[in-house]
Amino acid sequence: MSYVSSLLLILIIFLPNISLELYLITITVSVIIAARMNVVFNIYVLLTILLYGIYALLRQYFDEQYNVRDLTEIFRLLSYYVFYCSIKKITEKKVAEEALFNLISLTSIAIFIIGIIETFLPSSTLTSFFTSFYMSDGHYERSFLANSRASGVSTGPGQAGALGAFLFTLNLLYFFFYNNKRLLLQILGLFSSMGIVGLAQSQTGLIAVSFLFLFAFLFFGRKLNAIKLILSAFTFFVFAYAAILLSEKIDLNYLFTFFEYGLERSSFQKRIEKWIFLLNQSTDEPFRWLLGHGKDYFGNESAAVDSDIVFIIIVYGPIISTLLFCFITYVFIRFLFKKSIYHIYVVFSILVGLIMSIPSAFLFDTKVCALFIFIYVLLRKNLEYEKYSNPSTR
């Protein structure tokens, strides 16, 4: 794995999330870089972005008001695509996959250590540095001080739970599908990514990693030898036991309300009430509801929906939402029984993404999206390289 790829991975994970207001700057710089590298833009992607731009302008025309937040979605989409093209250009043709997953495990351990510092040394200088550098002011007050929820390198515990769940996906791939040369690192990476979710007290993240582990065990458990089977079960046992012990030392009340109250807990019920209110409000104008209301129709409410799925339905409309979910289902079914690490990576990512997106933000988390694109490009390049190197596999 080249120094360029390694540096990019570290920057994606450890740089603070870019705010939406900075996307204009990001896209300008990215386009200049992409142009210098002669990036060929896919006509279908650009057409999709263009159609969305025309639709956003038409919606503003009929509303007789200027909605800047709808237009900035164009830059969000375009910036992700330029990032994808740039990664394809500047990374090597074939990546050493084990080196890639080694680095992912190491970064998971580092983020877990940051979470431990925030949890057990809340008044330390290091904690002050991490929280001021990464955490938003609102989450610092509501989540860190009030509920002792660690955010690591994310803006809040919800984002930390999403990142931890996605890192768990990558570490699980490493554990299940690679040999035992780095078995200790695999176990530590797996445990650390679960620890990130646990210290963030992300209830959705806990459900996602548990479901993914069960799914992977049922579908791919036969690939594991006896040592890995025992170690995987032992890792989950140690994590659960550590959480019980730590509940007496630190404040894990927020996490344990899930086991005590389940879906009846007050915070989740408030989310349901908000979703019902927004969905009912969106259907007041049936024609616009079908095509989507856009972000500005709901004002600041659209920025705090706490559900990617509800957000997509009310902002983009049921037609686009249905097409998107049909496409995701098609990809999931088509890739499910493939054997390459690339296909399994996509399947695992879809599973975790859908679970996390029901009551929280995952698909629109900048750091998770950038990391997904980066790993996606590298693994796809490896698959294409193997096909062309071995014509018999085409």
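Cut-off values and rules
- Residues numbered from 1 in each chain as written.
- Predicted model: local features only at pLDDT ≥ 70, side-chain atom pairs only at ≥ 80, totals over all residues.
- Heavy atoms only, no water.
- Helix = DSSP H or I, 4+ residues; strand = E, 2+ residues; numbered from the N terminus.
- Buried < 20%, exposed > 50% of the residue type's maximum accessible area, 1.4 Å probe, protein only.
- Contact = heavy atoms within 4.5 Å.
- Areas by Shrake-Rupley, 256 points an atom, 1.4 Å probe, with all protein chains shown as cover.
- Arc of directions from axis to C-beta.
- Phe/Tyr/Trp six-rings, centres within 6.5 Å; stacked < 30°, edge-to-face > 60°.
- Core = buried A, V, L, I, M, F, W, Y, C linked by side-chain atoms within 4.5 Å.
- Expected span 1.5 Å × (residues − 1).
- Polar contact = N/O pair within 3.5 Å; in protein donor to acceptor, adjacent residues only side chain to side chain.
- Axes fitted to C-alpha atoms, helices over the stretch in contact; angles between N-to-C directions.
- Parallel < 35°, antiparallel > 145°, perpendicular 65-115°, else oblique.
- Left-handed = near helix turned anticlockwise from the far one by under 90°.
- Nonpolar A, V, L, I, M, F, W, Y, C, P; charged D, E, K, R; others polar.
- Patch = residues over 30% accessible without salt bridge, like charges linked within 9 Å, V, L, I, M, F, W, Y side chains within 5 Å.
- Salt bridge = Lys/Arg side-chain N within 4 Å of Asp/Glu carboxyl O.
- pLDDT = per-residue confidence, 0-100.

1. Some remarks on the overall build of the protein chain
(1) Moving on: Of regular secondary structure, the protein chain possesses 17 helices and zero strands.
(2) Moving on: In the protein chain, which comprises 394 residues, the share counted as buried stands at 49%.
(3) Moving on: Taking all contacts inside the protein chain whose residues are at least 6 apart in sequence as the whole, residues at least 24 apart take part in 75%.
(4) Moving on: As presented, the protein chain carries roughly 19,800 Å² of accessible surface, and 68% of it is formed by carbon and sulfur atoms.

2. Focus: helix H7 (residues 137-147)
Helical periodicity: at 3.6 residues per turn, an α-helix aligns residues three or four positions apart in one direction.
(1) Moving on: All of the buried residues in H7 are His139, Ser143 and Phe144. One side of H7 carries all its buried residues, which in axial view fall inside an arc of 85°. For H7, the exposed residues lying more than 90 degrees away from the buried face are Asp137, Glu141 and Arg142.
(2) Moving on: Looking at the buried residues of H7, the elements they touch are helix H5 (97-120), helix H6 (125-134) and helix H8 (157-177).
(3) Moving on: One or two steps after H7, the chain reaches Ser148, where phi turns positive at roughly 60°.

3. A closer look at the packing of aromatic side chains
(1) Moving on: According to the stated counting rule, one finds 19 aromatic pairs in the structure shown.
(2) Moving on: Clustering of aromatic rings is evident, with ring pairs tying together Phe166, Phe335, Tyr342, Tyr345, Phe362, Phe372 and Tyr376.

4. Considerations on the nonpolar core
(1) Moving on: Counting residues in hydrophobic clusters, the biggest one holds 75 residues, and the most contacted among them are Phe348, Leu371 and Ile375.
(2) Moving on: Setting aside residues up to four positions removed in sequence, Leu371 forms contacts with Leu9, Ile12, Ile13, Leu163, Phe166, Leu167, Leu170 and Tyr345.
(3) Moving on: Core analysis: the next-biggest nonpolar cluster, separate from the first, contains nine residues, Leu278, Val305, Phe311 and Tyr316 among them.

5. Digging into H5
(1) Moving on: Compared with the 34 Å implied by 1.5 Å per residue over 24 residues, the 35 Å span of H5 between its first and last C-alpha is a close match.
(2) Moving on: Among the 24 residues in H5, 17 count as buried, and that is most of the element.

6. Structural notes on the environment of Tyr342
(1) Moving on: Along the chain, Tyr342 turns up in helix H16 (residues 341-357).
(2) Moving on: By relative accessible area, which is 3% here, Tyr342 ends up buried.
(3) Moving on: At a separation of 2.9 Å, a polar atom in the side chain of Tyr342 contacts the side chain of Arg380.

7. Quick notes on the environment of Leu167
(1) Moving on: Within the secondary structure, Leu167 sits in helix H8.
(2) Moving on: On a C-alpha basis, the gap between Leu167 and Val197 in space is 9.8 Å, while along the polypeptide they are 30 residues apart.
(3) Moving on: Apart from residues no more than four positions distant in its own chain, Leu167 is found in contact with Ile13, Ile104, Ser108, Ile111, Ser193, Ile196 and Leu371.

8. Focus: unusual backbone geometry
(1) Moving on: Although it is not a glycine, Gln201 adopts a positive phi angle of roughly 55°.
(2) Moving on: In this structure, Gln201 sits in the loop between helix H9 (183-199) and helix H10 (203-220).

9. Quick look at the packing of H8 against H16
(1) Moving on: At a closest axis distance of 10 Å, the pairing of H8 and H16 adopts a crossing angle of 150°. When the axes of H8 and H16 are compared, the pair comes out roughly antiparallel. Crossing of H8 against H16: the hand is right-handed. For the pair H8 and H16, the contacting residues are Gly161, Ala162, Ala165, Phe166, Thr169, Leu170, Leu172, Leu173 and Phe177 in the first and Ile341, Ile344, Tyr345, Phe348, Ser349, Val352 and Met356 in the second.
(2) Moving on: The class makeup of the residues in the contact of H8 with H16 is 13 nonpolar, three polar and no charged.

10. With respect to a nonpolar patch on the surface
(1) Moving on: A contiguous nonpolar patch, built from Phe287, Leu290, Leu291, Ile319, Ile320 and Leu323 and spanning about 570 Å² of accessible area, is present on the exposed surface.
(2) Moving on: Here Leu323 lies in helix H15 (residues 308-336).

11. Concerning the confidence of the model for the protein chain
(1) Moving on: Across the protein chain, the average pLDDT comes to 77, with 70% of residues at 70 or higher.
(2) Moving on: For the protein chain, helix H2 (residues 23-36) is the element with the lowest average pLDDT, namely 53, and H16 is the one with the highest, namely 93.

12. Digging into the packing of H8 against H10
(1) Moving on: Here H8 crosses H10 at 20°, and the two axes come no closer than 10 Å. Here H8 is positioned roughly parallel relative to H10, judged by the angle of their axes. As H8 runs across H10, the sense of the crossing is right-handed. From H8, Ala165, Phe168, Thr169, Leu172, Phe176 and Phe177 reach across to H10, where they touch Val209, Leu212, Phe213, Ala216, Phe217 and Phe220.

13. Brief notes about the side chain of Thr119
(1) Moving on: On the secondary structure map, Thr119 appears in helix H5.
(2) Moving on: Under the relative-accessibility criterion, Thr119 is labelled buried at 13%.
(3) Moving on: Within the structure, the side chain of Thr119 is placed 2.8 Å from the backbone oxygen of Gly115, a separation counted as a polar contact.

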